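# Coordinates in review
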Amino acid sequence: MYVPPLFAMGEDREIASFCAAHPFATLVTQGAEGLYATHLPVIWKQEGETVAFFGHLARANPHWSTTPDGSEALLIFQGPQAYVTPSWYATKKETGKVVPTWNYAAVHVRGTVSWPHDTAFLRQNLSDLTDAHEAHRDHPWAMDDAPEDFLAMQMRAIVGMAFSVTGFDGKMKMSQNRPAADVEGVITGLAASGEQAVAELVAAKRRR
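As a starting point, this report considers the structure included with it.

Rules used throughout
Residues numbered from 1 in each chain as written. Predicted model: local features only at pLDDT ≥ 70, side-chain atom pairs only at ≥ 80, totals over all residues. Heavy atoms only, no water. Axes fitted to C-alpha atoms, helices over the stretch in contact; angles between N-to-C directions. Helix = DSSP H or I, 4+ residues; strand = E, 2+ residues; numbered from the N terminus. Parallel < 35°, antiparallel > 145°, perpendicular 65-115°, else oblique. Contact = heavy atoms within 4.5 Å. Nonpolar A, V, L, I, M, F, W, Y, C, P; charged D, E, K, R; others polar. Phe/Tyr/Trp six-rings, centres within 6.5 Å; stacked < 30°, edge-to-face > 60°. Core = buried A, V, L, I, M, F, W, Y, C linked by side-chain atoms within 4.5 Å. Buried < 20%, exposed > 50% of the residue type's maximum accessible area, 1.4 Å probe, protein only. Left-handed = near helix turned anticlockwise from the far one by under 90°. Salt bridge = Lys/Arg side-chain N within 4 Å of Asp/Glu carboxyl O. Pairing = 2+ DSSP bridges. Polar contact = N/O pair within 3.5 Å; in protein donor to acceptor, adjacent residues only side chain to side chain.

Another point: the packing of helix H4 (residues 119-134) against helix H5 (residues 148-155). Packed helices, taken two at a time, are described by the angle their axes make and the gap between the axes. Contact pair H4 / H5: the axes reach a minimum separation of 11 Å and the direction vectors enclose 105°. Judged by the inter-axis angle, H4 sits roughly perpendicular to H5. Between H4 and H5, the residues in contact are Thr119, Leu122, Arg123 and Leu126 and Glu148, Leu151 and Met155, respectively. Looking at the contact of H4 with H5 residue by residue, the class counts come to four nonpolar, one polar and two charged.

This is how it looks when you write it as structure tokens:
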């Protein structure tokens, strides 16, 4: 991914937080039959310097069976995004030298993928995902709420996904290249258009 320095995410912590906040990723690999992509929820885990993502996909999905363990792969995480009209820029009134653009946030994770089949991995992955996404609920659902034989049947229909990370590219393009007056116009325009999440990111990234 092309990342100009002005739009680069700062620290690894910012990238980790972004991936945790947008856990539905796109896994892309290159195989004998060409490019293949699968969309799936993932969990980030780190032990020392080792970083990995874990998930699962349907056993019927040919992605895993046509992609050998250890294959190079890409995980793509996408955050808030929105069209930016030049009508929001103060510069439009001053010179007219403005064009539309798009504000967006994304992380590309490079690494290798493998497909664990063992029940222990699958159960841990499902438990991790469930706990992460049920934690905020008043009455969180847990795997123990379902009959064990039913869970076993469900796990037979999936395959694990383990992604070993070799590098990150994080991009947060939020009008950092615009003059202060233009940025304020973008924040106001986005908020008025219902793009509050993008407006908040523009506000957070504006030059002080």
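Next comes the rest of the description.
This part takes up the packing of aromatic side chains. When we look at a pair of aromatic rings, we describe it by the centre distance and by the angle of the planes. Within this structure, the stated rule accounts for five aromatic pairs. Ring geometry for phenylalanine 53 versus phenylalanine 77: centroids 5.2 Å apart, planes at 40°, classification tilted. Here phenylalanine 77 lies in strand S5 (residues 71-84) and phenylalanine 53 lies in strand S4 (residues 50-58), a separation of 24 residues in the sequence. Members of the aromatic cluster, joined through ring pairs, are Trp44, Phe53, Phe77 and Phe168.

Attention now goes to the nonpolar core. Judged by nonpolar contacts, the single largest core of 38 residues is most densely connected at Leu27, Phe53, Phe77, Met161 and Phe163. Contributing elements (two or more residues each) for this core: helix H1 (12-21), strand S1 (24-31), S4, S5, strand S6 (101-114), strand S7 (158-173), helix H6 (180-192) and helix H7 (196-205). Not counting the four nearest positions on each side in its chain, phenylalanine 77 is found in contact with Phe18, Cys19, His22, Pro23, Ala25, Val42, Phe53, Ala105, Ala106, Val107 and Val109. Counting eight residues, the second largest nonpolar core, distinct from the first, contains Leu126, Met143, Leu151 and Ile158.

At a minimum axis distance of 8 Å, the contact between H6 and H7 shows a crossing angle of 160°. Classified by the interaxial angle, the pair formed by H6 and H7 is roughly antiparallel. You can see that H6 and H7 cross each other, and the crossing is left-handed. Facing Val183, Val186, Ile187, Leu190 and Ala191 of H6, the residues of H7 in contact are Gln196, Val198, Ala199, Val202 and Ala203. Of the residues that constitute the contact of H6 with H7, the class distribution is nine nonpolar, one polar and no charged.

Here threonine 188 is to be found in helix H6. Here the alpha-carbon distance between threonine 188 and alanine 203, two residues 15 residues apart in the chain, equals 9.8 Å.

A full pass over the atoms with the stated rule returns seven salt bridges. Put simply, lysine 205 and glutamate 14 hold a salt bridge, and the shortest N to O gap is 2.9 Å. Residue lysine 205 is found in helix H7, and its partner glutamate 14 is found in helix H1; the two are separated by 191 residues along the sequence. For arginine 178, the salt bridge goes to aspartate 182, with nearest N and O atoms at 2.7 Å.

With that settled, the discussion passes to the sheet that holds S5. Paired through their backbone hydrogen bonds, the strands of a sheet run either parallel or antiparallel. In space, the seven strands of this open sheet follow the order S2-S1-S5-S6-S7-S4-S3, with antiparallel pairing throughout. Looking at strand neighbours, the two that pair on one side only are strand S2 (34-41) and strand S3 (43-47), the edges of this open sheet. Across the sheet, the axes of successive neighbouring strands diverge by a mean angle of 35°, strand direction being ignored. Relative to S7, S4 is paired through seven bridges, and the arrangement is antiparallel. Each bridged residue has a counterpart across the sheet, and for histidine 56 the counterpart in S7 is glycine 160. The strands that H7 touches are S5, S6 and S7; relative to S5, the one it contacts most, it runs at about 95°.

Strand direction decides the pairing type here: S3 and S4, joined by five bridges, are antiparallel. Residue pairing in the sheet places lysine 45 in a bridge with alanine 52 of S4. Counting the residues in the hairpin turn of S3 and S4 gives two residues, including glycine 48, whose phi is positive at 65°.

Moving on, we come to the side chain of threonine 91. For threonine 91, the position within the fold is in helix H3 (residues 90-94). Polar side-chain contacts of threonine 91 include one of 2.7 Å to the side chain of aspartate 182. Those residues within four positions of threonine 91 in sequence are excluded, and the remaining contacts are Gly96, Lys97, Val98, Arg178, Pro179 and Asp182.

Purely geometric stuff here, so don't read any function into it on its own.
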